[in-house]
Amino acid sequence: MHWLTLPEPRKNITQAFHDLPSAKAWLASQPQAQPMHMLAAICLQIEALECSALPPAQAVELLNLLRSAAVPAQDAIETRYVRKALPMPDEDERCFDTAQRLWLRLGIAYLRLAPHFGSSDKCLPLHRAACAFRMAQYCHFQAAREMPEILDRALFAVLAQAESSGLLRQALPDPDFRHLGEANIAGHLAWAFMLRLIDPYRLSAAQLSVANRAISRWRELAGFQSMADDDPKAHSVDLTPLFGAPLPEGVPRWLEVRKVARKIEQRIAALEAGEAPEALKLGRELSGPACIRLLRQLDASLDAQYPQASTEIGEIELAFGAIHAYAVLTGELLAPAGALDAGSATLAHQRVAMFGFDRVSAMPTSVKKLNVPSEQWTLVDGKAIRSQDQGGARRLTPCLIASSHGGTARLGVMIGLQSLATGALAANLTWYEEDIVAGRIGRSALQDKQAPATPAFLLRDGTHYSLIVPSTAGLRLKVGITFEAEKVSHLLPTEVLERGVDFVRYAVNRQ
C-alpha cells in the first residue's frame, strides 16, 4: 500500500521477553497501581515486538497479552483527558498522549503482522488492528485533539486488506471487550467512520459517550459498498473525503447507513412516547429530551454530504460568556437590577412600537466603546484559530460568544473546539440570525437585591421566541419569569432547545 506510510518503531528498545511465560512474569513485575507507568512500559514493548524476529504467530500472542493488560490501565486514566478545557494541563496532556500512542502503536503492530498470514488466518490481527485504530481515534475525540491523517489512512488499510481477503464479516470473540459479543472487522470500521461523520468535536462529553454507545450497538447494521445503492430508500455516504484523495482500487467507497438511520428514527419515536434513555440502551448521561436532540443531530450529520466550508477570513475579536456578550450587544455594562426607572421605561415604550427594536444605544452604529475582555482569533476558511503564542484562557465548548466583527454586534456559539498538532486551538463559530434583545432576568421578592443581575437574551424568529441565559440562572420549565429590557416581558420557558457549557437556550411563550 504505497498510500500508507507507517511510522517506524524505535530499534533501540530492549525486548523484555520472548515467550508467553516470560511475558507474564514481566507484566507481573510492572507497577500495577500506576497506570501511566504501566501503559508507557507496555507501549515500549509493543514497539520492541514490531522489530523482533519472532514468528508472526508468537508475536500476535504476545501482543494479545499486552493488549489485555493495557485495557484496564487505559480505563483508569481516561477521565484525565476527556473534554477538559483547552489547552489541557501538561499532566492531562501526557495521559492523552500515552493512551492514544498505545492504541496507535498496537494497531500498527497488528497491521504489520497481518500480511505474514494466509487469508484464513489474518482475520484476528486485522480485527485487533481495526479495534486498536478505532480506540486511538476515540481518544482524539475524547480529548478534542485533531485527528492525524495516519489514523484515517490506517483504518482504510484495514478495510482494504479485509475486503481483499473476504474477512470483513467474519465474526470473532474479543475477551478484552466482552460487551461487544462476537464482532467483525466491518463493524469496527463502520463504527469508526460513523463517529468521524457526525463531527464528534461538536459534542459535549456526555453527548459523545451516548453517541459512541449507540453507534457501537448499530455498527454492524452499516455496510461497505463499492458503488452507491440506486434504491430510492438507500442512504449511502461517500467515504472519499475521509481518505483525502481518490480511493485506491479495491477499497469500498460507500458506507450504507439506511438501517442505522432507521434505528435513530425508532429511538426518537420511543423517547417521544416516554421511554427512558436507559431502557433504550442509551445510558444515563442525558435526559430524554437531550437524547432526542442528540439523535436528531446524528441523523442530520449522516444526511449531510460534506457541506461547503465558509471562506470567511480575517481577524475577529471574541468576547466569552453572557456578561461580556451583554456588554458587546448593548454597549453598556450590566446594570444592577431595578435600574430601569419609570422615565427610561416610558421612553423605551415610546420607541418600541413592536418587539424586536433595540434601544438607540444598542444599535450597531452607536455602540459605546467599552473595554470588554476579549480574545483575538483568526478566521481561516470560516474556522476560528487561536495560535499557541497568542495565549488566552482555557476554553471548553459549546460556549456563548459575542463579537462586533464587521461593525455589527452578533451573539453566537463557539462549537467543535479542538487542539491542533501545532498547539493552536481551532473552532467553528455559529451566529444567531434571529432578532435579539439583550436584557436581564428580573429578581423575585426573595432574592438578594445587591446580587449581580443575570444577563439574558431574547430571540425572536417570526412568532417564535427563545431565551438564552447563563447555565447558572436556575430557570425551570413551566415556571414564569420576568425579562427586563426596553420594556418588561413575562415569559414562560417551555422547552430546552440548546445547552452549552455556560448557557442554556429555552423556547419561551410570552405571557
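Residues numbered from 1 in each chain as written. Predicted model: local features only at pLDDT ≥ 70, side-chain atom pairs only at ≥ 80, totals over all residues. Heavy atoms only, no water.

**Quick notes on the sheet that holds strand β12 (residues 464–470)**
Taken together, six strands build a closed barrel; the order of strands is β10-β11-β12-β15-β14-β13 and the barrel is antiparallel. The sheet shows a mean angle of 45° between the axes of neighbouring strands, taken without regard to direction. For strand β13 (residues 481–484) and strand β14 (residues 488–499), the ladder comprises four bridges, and the chain directions are antiparallel. Residue pairing in the sheet places I481 in a bridge with L491 of β14. On top of the sheet, helix α12 (residues 322–330) reaches β10 (435–441), β11 (454–461) and β12; it is set at about 60° to β11, its chief contact. (Pairing = 2+ DSSP bridges. Helix = DSSP H or I, 4+ residues; strand = E, 2+ residues; numbered from the N terminus. Axes fitted to C-alpha atoms, helices over the stretch in contact; angles between N-to-C directions. Contact = heavy atoms within 4.5 Å.)

**Quick notes on the packing of helix α4 (residues 90–113) against helix α6 (residues 149–164)**
Relative to each other, α4 and α6 sit at 30°, their axes nearing to 11 Å. Considering the angle they form, α4 stands roughly parallel to α6. In this structure, α4 crosses over α6, and the sense of that crossing is left-handed. In this structure, α4 uses L104, I108 and L111 to contact α6, whose residues at the interface are I150, L151, A157, V158 and Q161. When grouped by side-chain class, the residues that make up the contact of α4 with α6 number seven nonpolar, one polar and no charged. (Parallel < 35°, antiparallel > 145°, perpendicular 65-115°, else oblique. Left-handed = near helix turned anticlockwise from the far one by under 90°. Nonpolar A, V, L, I, M, F, W, Y, C, P; charged D, E, K, R; others polar.)

**Quick notes on the pattern of salt bridges**
Enumeration over the complete set of coordinates arrives at 26 salt bridges. In this structure, the salt-bridge partner of E91 is R94, at a minimum N-O distance of 2.5 Å. Taken together, the positions of E91 and R94, both in helix α4 and three residues apart, correspond to about one turn of that helix. Two residues, D199 and R202, come together in a salt bridge whose shortest N-O distance is 2.6 Å. Residue classification places D199 among the partly exposed positions, given a relative accessible area of 24%. Overlapping salt bridges bring together R10, E47 and R101 as one network. (Salt bridge = Lys/Arg side-chain N within 4 Å of Asp/Glu carboxyl O. Buried < 20%, exposed > 50% of the residue type's maximum accessible area, 1.4 Å probe, protein only.)

**Here's the deal with the environment of G412**
Residue position: G412 is located in strand β8 (residues 410–419). Distance from G412 to L379, taken between C-alpha atoms, is 15 Å for residues 33 residues apart in sequence. Filtering out sequence-adjacent residues up to four positions away, G412 remains in contact with C399, L400, I401, T430, W431 and Y432.

**So, the confidence of the model for the protein chain**
In the predicted model, the protein chain carries a mean pLDDT of 90, and the fraction of residues at 70 or more is 90%. Of all secondary-structure elements in the protein chain, the lowest mean pLDDT belongs to helix α13 (residues 342–351), at 42, while helix α5 (residues 123–143) reaches the highest, 98. Counting contacts from residues 337–368, a segment whose pLDDT is below 50, to residues more than four positions away or on other chains yields 48 contacts. (pLDDT = per-residue confidence, 0-100.)

**Some points on the packing of aromatic side chains**
A full pass over the atoms with the stated rule returns nine aromatic pairs. Geometrically, the ring pair formed by F17 and W26 is tilted, given 5.4 Å between the ring centres and 55° between the ring planes. Here F17 matches W26 in class, with each residue buried. Arranged with centres 4.9 Å apart and planes meeting at 40°, the rings of F156 and F193 form a pair that is tilted. One end of the pair, F156, is in helix α6; the other, F193, is in helix α7 (residues 185–197), and 37 residues separate them in sequence. A connected cluster of aromatic rings, assembled from ring pairs, spans W3, F156, F193, F224 and F243. (Phe/Tyr/Trp six-rings, centres within 6.5 Å; stacked < 30°, edge-to-face > 60°.)

**Quick look at the pairing of strand β9 (residues 425–431)**
By the criterion of burial, β9 is predominantly enclosed, with six of the seven residues buried. Relative to β9, strand β6 (residues 383–386) runs antiparallel, the two sharing four bridges. Within the sheet, the bridge partner assigned to A384 lies in β9 and is A427. With six bridges connecting them, β8 and β9 associate as antiparallel partners.

**A closer look at the environment of L370**
Mapped onto the fold, L370 is located in the loop between α13 and β5 (375–380). Taking the C-alpha atoms as reference points, L370 and R101, separated by 269 residues in sequence, lie 47 Å from one another. Once residues within four sequence positions are removed from consideration, L370 is found in contact with A327, G331, E332 and L333.

**A closer look at the sheet that holds strand β3 (residues 254–256)**
The strand order across the open sheet built from three strands is β1-β3-β2, with neighbouring strands paired in antiparallel fashion. Bordering the open sheet on either side are β1 (223–225) and β2 (236–238), each of which pairs with just one other strand. Going across the sheet, the axis of each strand differs from the next one's by a mean of 30°, ignoring polarity. Pairing geometry for β2 and β3, over three bridges, is antiparallel. Looking across to β3, one finds that S236 is bridged to E256.

**Examining the pairing of β11**
Within β11, six of the eight residues are buried, leaving the element largely enclosed by the surrounding structure. Where β10 and β11 come together, seven bridges link them in antiparallel fashion. Bridge assignment links I436 to a residue of β11, and that residue is L459. As judged from the five bridges shared by β11 and β12, these two strands associate in the antiparallel manner. Across the sheet, L458 pairs through a bridge with L467, a residue of β12. Following β11, the chain reverses through two residues before pairing antiparallel with β12; G462 in that reversal takes a positive phi of roughly 65°.

**Points about helix α8 (residues 205–218)**
Between its first and last C-alpha atoms α8 spans 20 Å; for 14 residues at 1.5 Å apiece the expected length is 20 Å, and the two agree. Within α8, burial applies to Q207, L208, V210, A211, N212, A214, I215, S216 and W218. At its buried positions, α8 is contacted by α5, α7, α10 (258–272) and α11 (288–303). (Expected span 1.5 Å × (residues − 1).)

**Observations regarding the packing of α6 against α7**
Relative to each other, α6 and α7 sit at 150°, their axes nearing to 11 Å. In this view, α6 runs roughly antiparallel relative to α7, as classed from their interaxial angle. Of the two possible hands of crossing, α6 and α7 adopt the one that is left-handed. Across the interface between the two elements, D152, L155, F156, V158, L159 and A162 of α6 pack against I185, L189, A192, F193 and R196 of α7.

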